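# Chain and residue survey
Spelled out, the chains give:
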Amino acid sequence: MKEKSEIFLKLYSLLFGSGMAKDLRPVNCTTLLAIASFIDDKGTCCPTQIHIAEVTGVSTATVNKAVNALLEFKVNGKSIITREFVQQGQFTYSFYTFHLI
């Protein structure tokens, strides 16, 4: 059996201490944390909305709304997450980038 490496997600107290989690609302905050759980060392990741829905227990429609809300959410005028669409063959992938606040 191949051993799976563990990745630990580091949460800054700013998420809760600043009230950002409250402003994001529970579903959006959960979606943000789910997306972040796929992040690489460059601050990017590309989970599908289906996969995000599976790990959060909400519908893909709810994930889609949450992702759109996250893309619009700003702290001090700066986006916390951005998305780039990348076409690979017949598929289009969403690559998310997290930005330090």
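Residues numbered from 1 in each chain as written. Predicted model: local features only at pLDDT ≥ 70, side-chain atom pairs only at ≥ 80, totals over all residues. Heavy atoms only, no water.

As annotated in an unreviewed UniProt entry, the chain carries the name Helix-turn-helix domain-containing protein and comes from Sporosarcina psychrophila.

On to helix 5 (residues 60-72). In a regular helix each residue adds 1.5 Å, so 13 residues correspond to 18 Å; helix 5 covers 18 Å between its end C-alpha atoms and thus fits that length. Restricting attention to buried positions, one finds in helix 5 the residues V63, A66, V67 and L70. The buried residues of helix 5 occupy an angular sector of 105 degrees when the element is viewed end-on, so they sit on one face. Opposite the buried face of helix 5, at more than 90 degrees from it, the exposed residues are K65 and E72. Among the structural elements, helix 2 (20-24), helix 3 (26-36), helix 4 (49-56), strand 4 (81-88) and strand 5 (91-98) are those in contact with the buried residues of helix 5. (Helix = DSSP H or I, 4+ residues; strand = E, 2+ residues; numbered from the N terminus. Expected span 1.5 Å × (residues − 1). Buried < 20%, exposed > 50% of the residue type's maximum accessible area, 1.4 Å probe, protein only. Arc of directions from axis to C-beta. Contact = heavy atoms within 4.5 Å.)

Most often, soluble globular proteins keep nonpolar side chains buried together rather than apart. Among the nonpolar cores identified, the biggest contains 21 residues, and L24, L32, I35, L70, I80, I81 and F98 are the most heavily contacted of them. When residues of this core are traced back to their parent elements, those giving at least two are helix 2, helix 3, helix 4, helix 5 and strand 5. No other element matches the five residues that helix 3 contributes to this core. In this structure F98 touches L32, I35, A36, I39, G43, C45, I80 and I81, once residues within four positions along its chain are discounted. (Core = buried A, V, L, I, M, F, W, Y, C linked by side-chain atoms within 4.5 Å.)

In space, the three strands of this open sheet follow the order 1-5-4, with antiparallel pairing throughout. Two strands close off the open sheet at either side, each with one partner strand: strand 1 (44-45) and strand 4. With eight bridges joining them, strand 4 and strand 5 adopt antiparallel strand pairing. When the bridges of strand 5 are listed, Q87 appears paired with T92. (Pairing = 2+ DSSP bridges.)

Helix 5 packs onto helix 4 with a crossing angle of 105 degrees between their chain directions and a minimal axis gap of 9 Å. Considered as vectors, helix 4 and helix 5 are oriented roughly perpendicular to each other. For the pair helix 4 and helix 5, contact is made by Q49, I50, I52, A53 and T56 and by T60, V63, N64 and V67, respectively. Residues of the contact of helix 4 with helix 5, tallied by class, amount to five nonpolar, four polar and no charged. (Axes fitted to C-alpha atoms, helices over the stretch in contact; angles between N-to-C directions. Parallel < 35°, antiparallel > 145°, perpendicular 65-115°, else oblique. Nonpolar A, V, L, I, M, F, W, Y, C, P; charged D, E, K, R; others polar.)

Let us look at the packing of aromatic side chains. In total, this model carries one aromatic pair according to the counting rule given. Between F91 and Y93, the ring centres sit 6.4 Å apart and the planes meet at 45 degrees, which makes this aromatic pair tilted. For Y93, a relative accessible area of 28% puts it in the partly exposed group. (Phe/Tyr/Trp six-rings, centres within 6.5 Å; stacked < 30°, edge-to-face > 60°.)

What follows is about the side chain of T31. Locating T31 in the fold gives a position in helix 3. Dropping the residues within four chain positions of it, T31 is found in contact with I52, A66, V67 and L70.

A separate point is the side chain of N28. As for its placement among the helices and strands, N28 is situated in helix 3. With near-sequence residues (within four places) excluded, N28 lies in contact with A66, A69 and L70.

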